[in-house]
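# A structural walkthrough
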Amino acid sequence: MVSVVENLKAVANEIELSRGKRKIKDNPPVTLIAVTKNHGVEMMQQAIDAGVLNIGENRIQEAAEKFKSLNREVTRHLIGHLQTNKAKAAVRLFDLIHSVDSENLAAAIDKAAFSIGKIQDVLIQVNLAKEDSKFGVYEENLQTLIEAVDALQNLRLRGFMLIAPNYSEVENCRPLFSRMYEIFVEVGKARQNFDFLSMGMTHDYKIAIEEGANMVRIGTAIFGERNY
Ligand SMILES: *Cc1c(COP(=O)(O)O)cnc(C)c1O
């Protein structure tokens, strides 16, 4: 039996240990997003009852079903890829969309947000390792996308999201996390409300935090393996 409560305690402990190992100047707290995708709503509710304040889902329809039955307010994160034709549903369901990676998608979210009178918080997903199998903007196109998002009235750019490659040697992720943090700090210099660096999942969150992540997205370490 998976004990969500015990697992959450262990993860919270690891997060603090990793914060203690940071070499970066300031030591911001880390927001834990419990990733409930492919788990039932009971698991989601268990985590929330145990004090989880942030929930991550990667599919619109699954999230819509599960959010219906929640009995407490939580911050809702869309961490998966978003198709432009689902922007309207995403804007209704999620507080923060982590996966903006094109001008088209940004424009669709902006339009959807406008239609319901919302300013939508978003992150830009960056594909630093240029993996074909992953979404995200390449570093050389990042500045253009930032400017495009800035030009949209109903979006607020809050930071970046990175999914590191699934290296068998997890230390290999470290230079990517460190580079992403560098870009985050550099871009953030000239901005306000630019405060979230979402990187790190079960296998690599400790290293991500050491390198400056202040938002981690963790599923397996809390809920156990997913059966797809
Ligand atoms: C599934 C998922 C996670 C969580 O992965 P775990 O390895 O189970 O912690 C984090 N981020 C994204 C984008 C995901 O799709």
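All of these numbers come straight from a predicted model, not from anything done at the bench.

## Some points on the environment of Gln153
Tracing the sequence through the fold places Gln153 in the loop between α6 (139-150) and β6 (155-162). With 133 residues separating them in the primary sequence, Gln153 and Gly20 have C-alpha atoms 39 Å apart. With residues up to four places along the chain from it excluded, the contact list for Gln153 reads Asp110 and Ile119.

## Side note on the nonpolar core
The biggest cluster of nonpolar side chains holds 69 residues, and the ones touching the most others in it are Ile124 and Phe160. One finds Ile33, Leu123, Met161 and Met215 within the second-largest nonpolar core, a separate group that totals six residues.

## Overview of the environment of Lys118
By the element assignment, Lys118 lies in the loop between α5 (103-115) and β5 (120-126). Distance from Lys118 to Leu155, taken between C-alpha atoms, is 8.6 Å for residues 37 residues apart in sequence. Sequence-distant contacts of Lys118, defined by excluding residues within four places in its chain, comprise Val91, Phe94, Asp95, Ala113 and Asn154. Among the polar contacts listed, one links the side chain of Lys118 to the backbone oxygen of Phe94, at a separation of 2.7 Å.

## Concerning the site of the ligand
Around the ligand, the neighbouring residues are Val35, Lys37, Ile79, Ile163, Met201, Thr202, Arg217, Ile218, Gly219, Thr220 and Arg226. Residue Gly219 places a main-chain N or O atom 2.8 Å away from an oxygen atom belonging to the ligand. Computed on the free molecule, the ligand has an accessible area of 390 Å², of which 90% lies beneath the protein chains in the complex. Split into classes, the residues belonging to the shell around the ligand amount to five nonpolar, three polar and three charged.

Rules used in this analysis
Residues numbered from 1 in each chain as written. Predicted model: local features only at pLDDT ≥ 70, side-chain atom pairs only at ≥ 80, totals over all residues. Heavy atoms only, no water. Helix = DSSP H or I, 4+ residues; strand = E, 2+ residues; numbered from the N terminus. Contact = heavy atoms within 4.5 Å. Core = buried A, V, L, I, M, F, W, Y, C linked by side-chain atoms within 4.5 Å. Buried < 20%, exposed > 50% of the residue type's maximum accessible area, 1.4 Å probe, protein only. Polar contact = N/O pair within 3.5 Å; in protein donor to acceptor, adjacent residues only side chain to side chain. Near = heavy atom within 4 Å. Areas by Shrake-Rupley, 256 points an atom, 1.4 Å probe, with all protein chains shown as cover. Nonpolar A, V, L, I, M, F, W, Y, C, P; charged D, E, K, R; others polar.

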